[in-house]
Amino acid sequence: MASLPYIKIFSPATVANVSCGFDVLGYCLDSVGDEMIVRKSDHKGIRITKIEGFDLPLETELNVAGVSALALYNDAKPECGFDIEIYKHIKPGSGIGSSSASAAGSVFAINELLERPYNKTELTAFAMKGEALASQSEHADNLAPALFGGFTLVKSVSPLNIIELPSPRDLYTVILHPQIEIKTSESRALLPKEILLSHAITQWSNVGSFVHALHTEDYNLLQESLKDVVVEPFRKALIPHFEDMKTIALNSGALGFGISGSGPSVFALCKGQETAEKVKDGLHQFYSKTQIEFELHLSKINTEGIKIL
Ligand code: HSE
């Protein structure tokens, strides 16, 4: 295969935690994401040459896409450099993996241009350097689904071990993004350092049954597993009308409803597109009556992850 001079990619939004799996579970969206163009250059180094959509730093060391690209670049030591253009559609601080899309996108694209010297786990490790810049902690629950697609479980970050999980065919997701910003670092600071043993038991039982439900396409078990007694009680106060939205989504037939990553976006998982449309309509009607601007998305689960355009 002749080496490409440039590549254009779609880097998807992702939902982390998925209620029961704080910092370990995530899934990939199909219809929401950023675009990036990465070009090989005769000039060594990594440059961010253009950012459209949101006001983010062009300095390589201050940009999550730049930091993750540098981590790969310093390891690979190629003879060329790379220029990165970022067309951001995922608002920073939205809770649907905006920084992860940038961090994963740059390393994915450079790896393709170098003819794939690294596997997806190695790419996730480089991207974690960029993600750490945004959230001040090294977690991979948004990066893994962006790079691998579908549902993923981060078994451990050190050593990095990512498990790909199956995606039941009829699963759809609805995302409501209230247009307020919540910084991941602040949302993490709200969480307790220790939790009750009884809560831990509930949570790990739900993670186990959730994984089993994905493997067996057991939607009833999925519904019973999509619960969060550890993180949601602390974070839900940050999200205006969280409980009302949850009631509406569950009454409209959603299997589960929770906070997407560190918020403010919320997600519902639904069996079938028809139910997802009902959930979306219910949330739209309700949130239109609040004074808060919002975006609403309905998406299939993206089993591919980042796509070459
Ligand atoms: N697991 C992370 C959190 C995802 O909830 O803080 C946000 O980046």
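Residues numbered from 1 in each chain as written. Predicted model: local features only at pLDDT ≥ 70, side-chain atom pairs only at ≥ 80, totals over all residues. Heavy atoms only, no water.

### A short note on the overall build of the chain
Across its full length, the chain holds ten helices and eleven strands. Its C-alpha atoms give the chain principal-axis dimensions of roughly 60 × 40 × 35 Å. The buried share of the chain, reckoned over its 309 residues, is 56%. Put simply, 73% of the contacts in the chain that link residues at least 6 apart link residues at least 24 apart. When the accessible surface of the chain is summed, it comes to about 13,500 Å², and 51% of that surface belongs to carbon and sulfur atoms. Averaged over its 27 positive side-chain charges, the chain has a centre that lies 1 Å from the centre of its 37 negative ones. (Helix = DSSP H or I, 4+ residues; strand = E, 2+ residues; numbered from the N terminus. Buried < 20%, exposed > 50% of the residue type's maximum accessible area, 1.4 Å probe, protein only. Contact = heavy atoms within 4.5 Å. Areas by Shrake-Rupley, 256 points an atom, 1.4 Å probe, with all protein chains shown as cover. Lys, Arg positive; Asp, Glu negative; His and termini not counted. Charge placed at Lys NZ, Arg CZ, Asp CG, Glu CD.)

### So, the site of the ligand
Neighbouring residues of the ligand: A16, N17, F22, D23, H139, D141, N142, T184, R188, R235, G261 and S262. N142 is positioned with one of its side-chain polar atoms (N or O) 3.5 Å from an oxygen atom of the ligand. Considered class by class, the residues forming the shell around the ligand number two nonpolar, six polar and four charged. (Near = heavy atom within 4 Å. Polar contact = N/O pair within 3.5 Å; in protein donor to acceptor, adjacent residues only side chain to side chain. Nonpolar A, V, L, I, M, F, W, Y, C, P; charged D, E, K, R; others polar.)

### So, the domain arrangement of the chain
Domains assigned within the chain are domain 1 (6-165) and domain 2 (171-300). With centres defined by C-alpha atoms, the gap from domain 1 to domain 2 works out at 24 Å. Facing the 30 residues of domain 1 at the interface are 40 residues of domain 2. Regarding the contact of domain 1 and domain 2, the summed buried area is about 2,500 Å², with carbon and sulfur atoms giving 62% of it. A per-residue breakdown of the area domain 1 buries against domain 2 is headed by S19, C20 and F22, which together make up 24% of the total. Counting across the domain 1 and domain 2 interface gives one salt bridge. The interface formed by domain 1 and domain 2 includes eleven residue pairs in polar contact (both at pLDDT 80 or more). Elements that contribute at least two residues to the side of domain 1 that touches domain 2 include exactly β1 (6-16), β2 (25-41) and β5 (151-157). (Domains from an automatic or database assignment. Buried area = accessible area lost by both parts, 1.4 Å probe. Salt bridge = Lys/Arg side-chain N within 4 Å of Asp/Glu carboxyl O.)

### Overview of the nonpolar core
The biggest cluster of nonpolar side chains holds 38 residues, and the ones touching the most others in it are V38, I46, F82 and I84. Residue contributions to this core peak at seven residues, all from helix α2 (residues 98-113). Setting aside its immediate chain neighbours within four residues, V38 contacts P5, Y6, I7, F82, D83, I84, A109, I110 and L113. Of all hydrophobic cores here, the second largest spans 29 residues; its members include V15, Y27, L153 and A213. (Core = buried A, V, L, I, M, F, W, Y, C linked by side-chain atoms within 4.5 Å.)

### Re the packing of aromatic side chains
Across all of its chains, the model carries eight aromatic pairs by this definition. Aromatic pair Y27 and F267: ring centres 6.1 Å apart, planes at 75°, arrangement edge-to-face. Linking Y27 in strand β2 with F267 in strand β9 (residues 266-271), this pair joins segments that are 240 residues apart in sequence. Comparing Y27 with F267, the two get one shared label, buried. Members of the aromatic cluster, each reached through a chain of ring pairs, are Y27, F151, F210 and F267. Across from the ring centre of Y6, 5.4 Å away, lies the NZ or CZ of R39, which sits over that ring. (Phe/Tyr/Trp six-rings, centres within 6.5 Å; stacked < 30°, edge-to-face > 60°. Lys NZ or Arg CZ within 6 Å of the ring centre and 35° of its normal.)

### Focus: the pattern of salt bridges
Tallied over the full model, the rule gives twelve salt bridges. The salt bridge involving R188 is made with D23; its shortest N-O contact spans 2.7 Å. Of the two residues, R188 is situated in helix α5 (residues 184-189) and D23 in the loop between β1 and β2; the sequence distance between them amounts to 165 residues. In this structure, K307 engages D30 in a salt bridge whose closest nitrogen and oxygen atoms are separated by 2.9 Å. Separated by 277 residues along the polypeptide, K307 in strand β11 (residues 307-308) and D30 in strand β2 bring together distant segments of the chain. The partly exposed category is assigned to D30, whose relative accessible area is 26%.

### Let's talk about helix α6 (residues 197-216)
For α6, which comprises 20 residues, the first-to-last C-alpha distance of 28 Å matches the rise-based estimate of 28 Å (1.5 Å per residue) to within 8%. Taken together, the buried positions of α6 are A200, Q203, N206, V207, S209, F210, V211, A213 and L214. The inward-facing, buried residues of α6 abut β2, β5, β6 (160-165) and α7 (219-225). After α6 finishes, the residue E217 shows a positive phi value of roughly 50°. (Expected span 1.5 Å × (residues − 1).)

### Some points on the sheet that holds β9
The four strands lie next to each other as β8-β9-β7-β10, forming an open sheet whose pairing is antiparallel. This sheet does not close on itself; its edge strands, each paired only once, are β8 (256-259) and β10 (294-300). The sheet shows a mean angle of 15° between the axes of neighbouring strands, taken without regard to direction. The pairing of β8 with β9 spans four bridges and is antiparallel. Residue pairing across strands places I259 opposite V266, the latter belonging to β9. Contacting β7 (171-178), β8 and β9, helix α9 (residues 242-251) crosses the sheet at an angle of about 155° to β8. (Pairing = 2+ DSSP bridges. Axes fitted to C-alpha atoms, helices over the stretch in contact; angles between N-to-C directions.)

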